[in-house]
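Structural characterization, general
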Amino acid sequence: MGAVHGIVGILLAAGIGRRFGGDKLMHPLPDGTPIAVAAAARLRPACGRVVAVLRPDHFRLARVLANAGCEIVICPDAAHGMGHSLAAGASAAADASGWIVALGDMPCIATTSHQVVAASLQAGSSIAATEFQGRRGHPVGFSGIWLPQLRALTGDLGGRAILEQNRQHITLCPVDDPGVILDIDFVDDLLGMPSVVR
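These remarks concern the structure in this document. Starting afresh in each chain, residues are numbered from 1 along the sequence in its written order. Local features are withheld for residues below a pLDDT of 70 in this predicted model, meaning they are given only at 70 or higher, and side-chain atom pairs are given and counted only at 80 or more; totals for whole chains, interfaces and linings count all residues. Just so you know, side-chain values use all the structure's heavy atoms and leave hydrogens and water out.

**So, the overall build of the protein**
In this text, helices come from DSSP runs of H or I with a minimum length of four residues, and strands from runs of E with a minimum of two, each type numbered from the N-terminal end. Of regular secondary structure, the protein possesses six helices and seven strands. In the protein, the succession of helices and strands from N to C terminus is β-α-β-α-β-α-β-α-β-β-α-α-β. The buried share of the protein, reckoned over its 198 residues, is 52%. Residue contacts follow a heavy-atom distance rule, with two residues in contact if any of their heavy atoms lie within 4.5 Å. Across the protein, contacts joining residues at least 24 apart in sequence account for 69% of those joining residues at least 6 apart. Note on areas: Shrake-Rupley, 1.4 Å probe, and residue coverage restricted to the protein chains presented here. Of the roughly 8900 Å² of accessible surface on the protein, a fraction of 52% belongs to carbon and sulfur atoms. Burial here depends on accessible area, computed with a 1.4 Å probe over protein chains only, as a share of the maximum for the residue type. Under 20% is buried, over 50% is exposed, and the range in between is partly exposed.

Shown next, in the form of structure tokens:
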């Protein structure tokens with residue numbers, strides 16, 4: 001299973017990482033790879049193109065993600081919430097047939113999980129998301145019909161408002177991948193990461 005033509009990955013990487021206590025997305029994993037770069041590396045093979053949405057002052061992260069093959073989108077309103085970042089990413093890739101929305105602080109999602117969501121969109125799903133042991137996980141995919149709603153997002157809910165109002169349109173894609181529910185909020189969370197990352 002390779003990249004799905006027309007599906008664009010949106011990597012949300014504009015967070016500040018206050019709870020982490022520092023520059024979370026640049027924090028190295030044990031192999032030296034910054035957290036956001038690892039997340040991008042697992043997303044890229046599922047999509048023909050990945051845009052990474054950053055806040056304006058994160059020059060180092062912009063450089064390493066560009067070197068990792070991402071297109072950089074700067075969101076001036078990123079500090080006002082994830083919704084602004086997602087809207088900026090969707091607007092920058094408005095010609096896509098669909099989008100896979102991934103988070104920069106979730107470096108453990110297997111590439112195959114991203115690919116399953118992309119394939120579900122390609123097969124006609126309106127919204128697709130992974131599911132691990134009964135829990136909905138990341139990434140979440142949106143077909144092209146959701147462009148107006150994605151571009152109108154504001155605040156800190158990201159795409160959650162769309163999901164909550166349109167549960168009947170969500171196709172769940174079961175995966176055997178605990179990475180789809182593991183994000184990094186605190187330094188200690190790194191201790192719970194799967195051995196493939198640690």
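Now that the structure has been shown, the text picks up again.
**Comments concerning the nonpolar core**
Residues belong to one nonpolar core when they are buried, are Ala, Val, Leu, Ile, Met, Phe, Trp, Tyr or Cys, and are joined through side-chain atoms within 4.5 Å. Among the nonpolar cores identified, the biggest contains 34 residues, and I10, W99, I127, F142 and L150 are the most heavily contacted of them. For this core, the elements supplying multiple residues, two or more each, are β1 (4-12), β2 (47-54), α3 (82-92), β4 (98-103), β5 (127-132), β6 (135-143), α5 (147-151) and α6 (160-165). Here this core gets four residues from one element, more than from any other, and that element is α3. Not counting chain neighbours up to four residues away, the residues in contact with I127 comprise V140, G141, F142, W146, I162, L163, N166, H169, I170 and T171.

**A look at the state of the cysteines**
Cysteine sulfur atoms that pair up within 2.5 Å are treated as a disulfide. Per the stated rule, a full pass over the model turns up zero disulfides. The cysteine C47 is free of any disulfide, with C70 supplying the nearest cysteine sulfur at 9.9 Å.

**Thoughts on the side chain of S85**
Positionally, S85 belongs in helix α3. S85 sits in the buried class, given a relative accessible area of 3%.

**A word on the packing of helix α1 (residues 35-43) against helix α2 (residues 59-67)**
To obtain each axis, a line is fitted to C-alpha atoms, and for helices this fit is confined to the stretch in contact; angles are then taken between N-to-C directions over 0 to 180 degrees. The interhelical angle for the contact between α1 and α2, taken along N-to-C directions, is 30°, at an axis separation of 10 Å. With respect to each other, α1 and α2 are oriented roughly parallel. You can see that α1 and α2 cross each other, and the crossing is right-handed. Mapping the contact onto sequence places A36, V37 and A40 in α1 and L61, V64 and L65 in α2. Note that Gly is not counted as nonpolar here; it falls among the polar residues with everything else outside the nonpolar set of Ala, Val, Leu, Ile, Met, Phe, Trp, Tyr, Cys and Pro and the charged set of Asp, Glu, Lys and Arg. Within the contact of α1 with α2, the residues separate by chemical class into six nonpolar, no polar and no charged. Each angle is binned into one of four classes, with values under 35 degrees roughly parallel, values over 145 roughly antiparallel, values of 65 to 115 roughly perpendicular, and all other values oblique. Here is the rule for handedness: rotate from the far helix to the near one, and if that takes an anticlockwise turn smaller than a right angle the crossing is left-handed, while a clockwise turn gives right-handed.

**Side note on the pattern of salt bridges**
Any carboxyl oxygen of Asp or Glu that lies within 4 Å of a side-chain nitrogen of Lys or Arg is treated as forming a salt bridge with it. For the structure on display, the rule yields four salt bridges. For R55, the salt bridge goes to D57, with nearest N and O atoms at 2.8 Å. Taking the relative accessible area as the measure of exposure, R55 reaches 16% and is therefore buried. Using a relative accessible area of 48% as the deciding quantity, one classes D57 as partly exposed. Ionic contacts of the salt-bridge type, sharing partners, join the residues R49, E71 and D95 into one network.

Shape descriptors only; they carry no functional weight alone.
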